[in-house]
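# Observations on chain architecture
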Amino acid sequence: MNTNSTSSESQISAPPAGSPVRVVIFIVLFVAMLVLCVGISRQIYAFLTMVAAAFLAKGAEPAKAGEIMKNMAWLIDGMTLVTALALASWTIRHWISTRSEQRGTFLRTFFLYLALSVGVVVVLFPFFWMLCTSFKPSGTELLINTKNPFDIVPAEPTITNFSKVLKLDVVSADPVEAKKNFGTYFMNSMVVATMAAFFVTLFASMGGYVFAKKELPYKSQLFGVLLATMMIPGMMYMVPQFFMVCTMGLFGTKLAMFLPHLASVFGIFMLKQFMETIPSSLIEAARIDGASEWQIFRVVIIPLSMPIILTLFLLTFLFHWSNFLWQLIVTDFENPLSVTLPVGLALFRGQYTSDLGLIMSASCFSIVPIVVLFLFAQRYFIEGMTQGAVKE
């Protein structure tokens, strides 16, 4: 009796495989997917059309680019419709081909991907707004489309903001003034961030190797002192660091922007924790084969630690790429070769007003290296952050 009653209760509580409830849930998720697909694809195709129209207008009045966009409206609608139909047919085909008892799993996966898509839209929306705002004419950056507030692609785009940022239309006889453009600031930041990331990673690798695999007196105590320095606020270092930079005659140079930050206690700690997981038998085998300490470090330690090394390189690069305060302190504004991207972005802000179009255009250039680095190094970044977390 108990067995029969339990089975009957389970049959009542769980809807059958072909339950209309699952069909209703699928229809709701399907409609939500179509709405999301149409909204996203239309904005993407409108943005691509807007970029093409702005460059086809070749710096003319924004109204000309707007006319080109109106003539290409049919292309945006057509591509949006094709994308929505393709996604809808693919989803319906998979729903039909899924066995009845597996449709519950299908719906859970469907909901998960739909929720993740919404999350991606929320995360990437500020970047998309930045890209669209960079093409808006001056004075229209904060205007909202009254017909469709979610349509943030400008109807009359222009590339004037990019021309002003790069000073492509300005011809100066003074070579110093000619270098005061965003291209120079971009290269300055690239040099500073790359050199700082390289040397910080190199020195931290050496320090991490010593603390992880070498024996020296008071090693634990010395490492504890280094970790204790991480509790000191970084603002307390700025005055003595500025004094030393001025004493060495490095004020207004690229060297002053990263030289005081080459010693990274955080980098040493992170690399030490990772290198402790490397078997000491590999080092002993290399030493028996006659390898020197430098060869052991270069041939054994560095290749095995490459994921965490690239992770530290990426984190250091990001820090120096966006380090505004220290670079502002040691910048000589009369020398454009010492002005970096964060400081250059601040120059577009006046005392009472800010040119949002120029700021957004300059920001588009500033995120390019970060996006490229992450796309190429994300596998090593994730591996480096997780591989040394668990010790066997």
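Look up: the structure comes first, before these words.
Per chain, the residues get numbers from 1 upward, laid out in the order the sequence is written. A pLDDT threshold of at least 70 governs which residues receive local features in this predicted model, and a stricter bar of 80 or more applies before side-chain atom pairs are shown or counted, although totals over entire chains, interfaces and linings include all residues. Hydrogens and water are ignored here; the side-chain numbers use all heavy atoms of the structure.

## Digging into the overall build of the protein
On a plain count of helices and strands, the protein comes out with 19 helices and 0 strands. Out of the 392 residues in the protein, the part that is buried amounts to 36%. In what follows, residue pairs with any heavy atoms lying within 4.5 Å of each other are defined as contacts. Taking as baseline every contact in the protein between residues at least 6 positions apart, the subset at least 24 positions apart corresponds to 75%. Secondary structure elements are taken from DSSP: a helix is a run of H or I of four residues or more, a strand is a run of E of two residues or more, and numbering for both begins at the N terminus. Exposure classes here rest on a 1.4 Å probe applied to the protein chains alone. A residue is buried below 20% of its type maximum, exposed above 50%, and partly exposed in between.

## Regarding the nonpolar core
Most often, soluble globular proteins have nonpolar side chains that are buried together. We call a set of buried Ala, Val, Leu, Ile, Met, Phe, Trp, Tyr and Cys residues a nonpolar core when their side-chain atoms join them within 4.5 Å. One finds Phe47, Phe135, Val153, Phe182 and Phe348 to be the most contacted residues of the largest nonpolar core, which totals 36 residues. Elements represented by at least two residues in this core include exactly α2 (20–57), α3 (62–71), α5 (103–133), α6 (160–166), α8 (182–213), α15 (306–321), α17 (341–346) and α18 (356–366). Counting residues per element, this core draws most heavily on α2, at 6 residues. Non-local contacts of phenylalanine 348, meaning those with residues more than four positions away in its chain, are made with Val165, Phe182, Ser354, Asp355, Leu358, Ile359 and Ala362.

## Some points on unusual backbone geometry
Phi angles above zero are rare outside glycine, and tyrosine 218 is one such case at about 55°. Mapped onto the elements, tyrosine 218 comes out in the loop between α8 and α9 (219–228). When its relative accessible area of 65% is taken as the criterion, tyrosine 218 is described as exposed.

## Structural notes on the pattern of salt bridges
Salt bridge, as applied in this entry: a Lys or Arg side-chain nitrogen positioned within 4 Å of an Asp or Glu carboxyl oxygen. Taken as a whole, this structure holds 6 salt bridges when the rule is applied. The partner of glutamate 276 in a salt bridge is lysine 272, with the nearest N and O atoms 2.5 Å apart. For glutamate 276, a relative accessible area of 29% gives the class partly exposed. The buried category is assigned to lysine 272, whose relative accessible area is 10%. Sharing partners across several salt bridges, the network here consists of Lys214, Glu284, Arg287 and Glu293.

## Quick notes on the packing of aromatic side chains
Under the pairing criterion, centres of Phe, Tyr and Trp rings, with the six-membered ring standing for Trp, must be within 6.5 Å; the plane angle then separates stacked pairs below 30 degrees from edge-to-face pairs above 60, leaving the rest tilted. Using the criterion set out here, one finds 22 aromatic pairs in the structure. Measuring from centroid to centroid gives 5.1 Å for phenylalanine 135 and phenylalanine 162, while their planes differ by 55°, and the two rings are tilted. On the criterion of sequence distance, the pair formed by phenylalanine 135 in the loop between α5 and α6 and phenylalanine 162 in helix α6 is long-range, its members being 27 residues apart. Among the residues examined, phenylalanine 135 registers a relative accessible area of 6% and is labelled buried. Here phenylalanine 186 and tryptophan 321 contribute two aromatic rings whose centre-to-centre distance is 5.6 Å and whose plane-to-plane angle is 85°, an arrangement assigned as edge-to-face. Here phenylalanine 186, found in helix α8, pairs with tryptophan 321, found in helix α15; they are 135 residues apart in sequence, far enough to count as distant. In this structure an aromatic cluster arises from ring pairing among Phe47, Phe128, Phe135, Phe162, Phe182, Tyr185 and Phe365. It is arginine 103 that lies over the ring of tryptophan 95; its NZ or CZ is 4.5 Å from the centre. Only Lys NZ and Arg CZ are tested; either one counts as a charge over a ring when it is within 6 Å of the ring centre and within 35 degrees of the ring normal. Over the aromatic face of phenylalanine 223 sits the side chain of lysine 272, whose NZ or CZ is 4.7 Å from the ring centroid.

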